[in-house]
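What follows is each chain in one-letter form.
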Amino acid sequence: MAELPGGQESVSARHNAGLHRFALLTAGATFLLLIAGALVTSNDAGLAVPDWPLSYGTWMPPMVGNIVYEHGHRLVATSVGLLTIALAVWLGLREPRRWVRRLGLLALAAVALQGILGGLTVLYLLPRPVSIAHASLAQLFFCLTVSLAVFTGPGWIRQTPRVTDEGTPWLGRLCELTTVALFIQLVLGAAFRHQAIGVGPHLLGALAATVLIVWTSRRARAPHLPGEMRRPALLLLLLLVAQLLLGTGAYLARLAAVDSSQPTPSFVFFTAAHLAVGALLLATSAVLTLRCHRRLLRAAEFPSVSSAIQRATP
Amino acid sequence: MLLRKLLTGTTVLCLVILVGCSRGEEAAQPQPPPARPEGKSVDSATAATIQGRVLYQDGQPRRNRIRMAADAVCVQQHQGPVYSQEVALNDNGTLRYVFVYVKGQALAGYSFPTPTEPVVLDQRGCLYTPHVIGAQTNQEIKILNSDPTTHNIHPVPQNNREWNTSMPPNANPLVRSFPREEVMIPVKCNVHPWMKTYVGVVSHPFFTVTGEEGTFEISGLPPGDYTIVAWQEKFGTVEQTVTVGASETKVVDFSFTPGGSTD
Ligand SMILES: [Cu+2]
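Conventions we followed
Residues numbered from 1 in each chain as written. Chains lettered and ligands numbered in written order. Predicted model: local features only at pLDDT ≥ 70, side-chain atom pairs only at ≥ 80, totals over all residues. Heavy atoms only, no water. Contact = heavy atoms within 4.5 Å. Buried area = accessible area lost by both parts, 1.4 Å probe. Salt bridge = Lys/Arg side-chain N within 4 Å of Asp/Glu carboxyl O. Polar contact = N/O pair within 3.5 Å; in protein donor to acceptor, adjacent residues only side chain to side chain. Helix = DSSP H or I, 4+ residues; strand = E, 2+ residues; numbered from the N terminus. Nonpolar A, V, L, I, M, F, W, Y, C, P; charged D, E, K, R; others polar. Donors = N, O, S within 2.8 Å, 3.2 Å for Na, K, Ca; no water. Tetrahedral: all angles 85-135°; square planar, octahedral: opposite > 155°, others 65-115°. Buried < 20%, exposed > 50% of the residue type's maximum accessible area, 1.4 Å probe, protein only. Axes fitted to C-alpha atoms, helices over the stretch in contact; angles between N-to-C directions. Left-handed = near helix turned anticlockwise from the far one by under 90°.

**Quick notes on the interface of chain A and chain B**
Then, number 1: Taken residue by residue, the interface counts 44 residues in chain A and 39 residues in chain B.
Then, number 2: Among the residues chain A hides against chain B, the three largest losses belong to Leu125, Ser261 and Gln262 of chain A. Together they make up 17% of the total.
Then, number 3: Summed over the shared surface of chain A and chain B, the number is two salt bridges.
Then, number 4: Close ionic contact of Lys234 of chain B with Asp259 of chain A constitutes a salt bridge, the shortest N to O distance being 2.7 Å.
Then, number 5: Seen at the junction of chain A and chain B, the total is nine residue pairs in polar contact (both at pLDDT 80 or more).
Then, number 6: Contributing elements (two or more residues each) for the side of chain A that touches chain B: helix 3 (98-123), helix 4 (128-151), helix 6 (171-193) and helix 9 (265-295) of chain A.
Then, number 7: Of the residues contributing to the side of chain A that touches chain B, the split by class is 31 nonpolar, nine polar and four charged.

Structure follows, in structure tokens:
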């Protein structure tokens, strides 16, 4: 288990409350950034500002019409970029675990790449592959900031006995599978939104994601598992219900807006909310996956140890 | 680590897509228009005329209301509600903003000088005026901004180069042209998502856009067999064939229905 995050090094890690709060702030700001980005696409505002990195040749263009969404997105993105730089520096100075420091640098590289992709969408007039890559990397970057908040959190650093999962597949694997499936589903959603594919693959993805989430959530809500797993598992289910409703709403709003001369408020609301809840699903599943790796033992590999721990765990 | 693998994978994926895409961009750059050998010009003594009306067959079309609230300047320039111009029905039951043109094959062998007079497209009250325009290939299109707000003008062609330029209040007129035939090129403003216009670009002067009478007249045609096409934003295109003799005038009427077009 030594290769898993925090396996051994965490002995030397001390909980740094300020750093953790800052990581949480960065993740929260990133969530707002995702919504700001979603609003750009929903309002068809991606090209409302034709130049980049400046906006109409200045840092502050007139905030009218769709410029509000496009330039607002740039402002929030700049803030998240600055937060990420600060987080990476803070980690570099105060974080004893080398892999966490590196993860901070990776987040920094990701946000820089994301900014460049965003600029390319503007300069190349929204080429679909770039728009889809920008939307997909956004989700990964959000997961990255959420994991940094997890790794710096007291729950991760605290030493507690591990619990065994006897099921097949191992719950940690199942969570990984769900996380990957959710990410693919978000990419399919982005591809549909940017008109690269039809809605079919995204609907099939929804079916697969629903099955995986229900399965994962049921396994992770087993009574012998700790609350730090049961809680996200329950959250996954709630988010799933909300997401299926929002997805249906987004589709109906899209159909209703076909004849409209401009994006309708219901279309904007449902599509942006659907994207935001999708991001929360992915992040929740990622958090559950990480906690499985931190807290769960595989029954098959450690039969004697696991049963011993299981007896010792309430 | 799972996350790291995921991220590295996607980064690589993004870069690959990006490289592929930028190559695509280069490949998509339109070539300069093929040099046309000097052809003959039309003999005005025998030139024919085709005229007609564009009718709408189904009473009152549903009009889409435009919501301009996102920009107070736009709202201030209108009294009362503003409706989309995509289906503009005249009082006499005809349609406005229908692009009518002659299909090119019958005109092979002729060459037509590029008009020196530009086509004017104004941005006024956060709408394009006129709503639909036509231009000959390489003819200048002069774009004005009469509004005290910022517009960006962004054609989305298939055959010509795409561009996106901002026009702040009091901006100098923007003069552009399209070197290749294309019916129609959608043009939009991304600041005001309801703003949309279409430009029909053909390589000869035999085109027009219907106005408040819903009529059209195409004159100066050499005698021959022609296909006349009427394009309407919402209802698509209708074609009719017509033969005109020397100095002849023929009448061709078009009609559109919401389900598409008749004759
Ligand atoms: Cu505009």
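**Things to note about the coordination of the copper ion**
All names here are of chain B.
Then, number 1: Listed as protein donors to the copper ion are His151 (ND1), Cys189 (SG), His192 (ND1) and Met195 (SD); their distances from the metal cover 2.0 to 2.6 Å.
Then, number 2: Classification of the site at the copper ion rests on its four donor atoms, whose angles at the metal span 94 to 138 degrees, yielding the label irregular.
Then, number 3: Donor residues binding the copper ion come from one chain and are separated in sequence as H-x37-C-x2-H-x2-M. Linking His151 in strand 11 (residues 151-155) with His192 in the loop between strand 14 (182-188) and strand 15 (196-202), this pair joins segments that are 41 residues apart in sequence. The pair His151 / His192 is uniform in exposure class, with both members buried.

**Let's talk about the packing of helix 1 (residues 17-42) of chain A against helix 9 of chain A**
Residues and elements named next belong to chain A.
Then, number 1: Two elements in contact, helix 1 and helix 9, have axes whose closest approach is 9 Å; the angle formed by their N-to-C orientations is 145 degrees. Viewed along their axes, helix 1 and helix 9 form a crossing whose handedness is right-handed. Here Phe31, Leu34, Ile35, Ala38, Leu39 and Ser42 of helix 1 lie close against helix 9, whose contacting residues are Phe267, Val268, Thr271, Ala272, Leu275, Ala276, Ala279 and Leu280.
Then, number 2: Its residues assigned to classes, the contact of helix 1 with helix 9 comprises twelve nonpolar, two polar and no charged.

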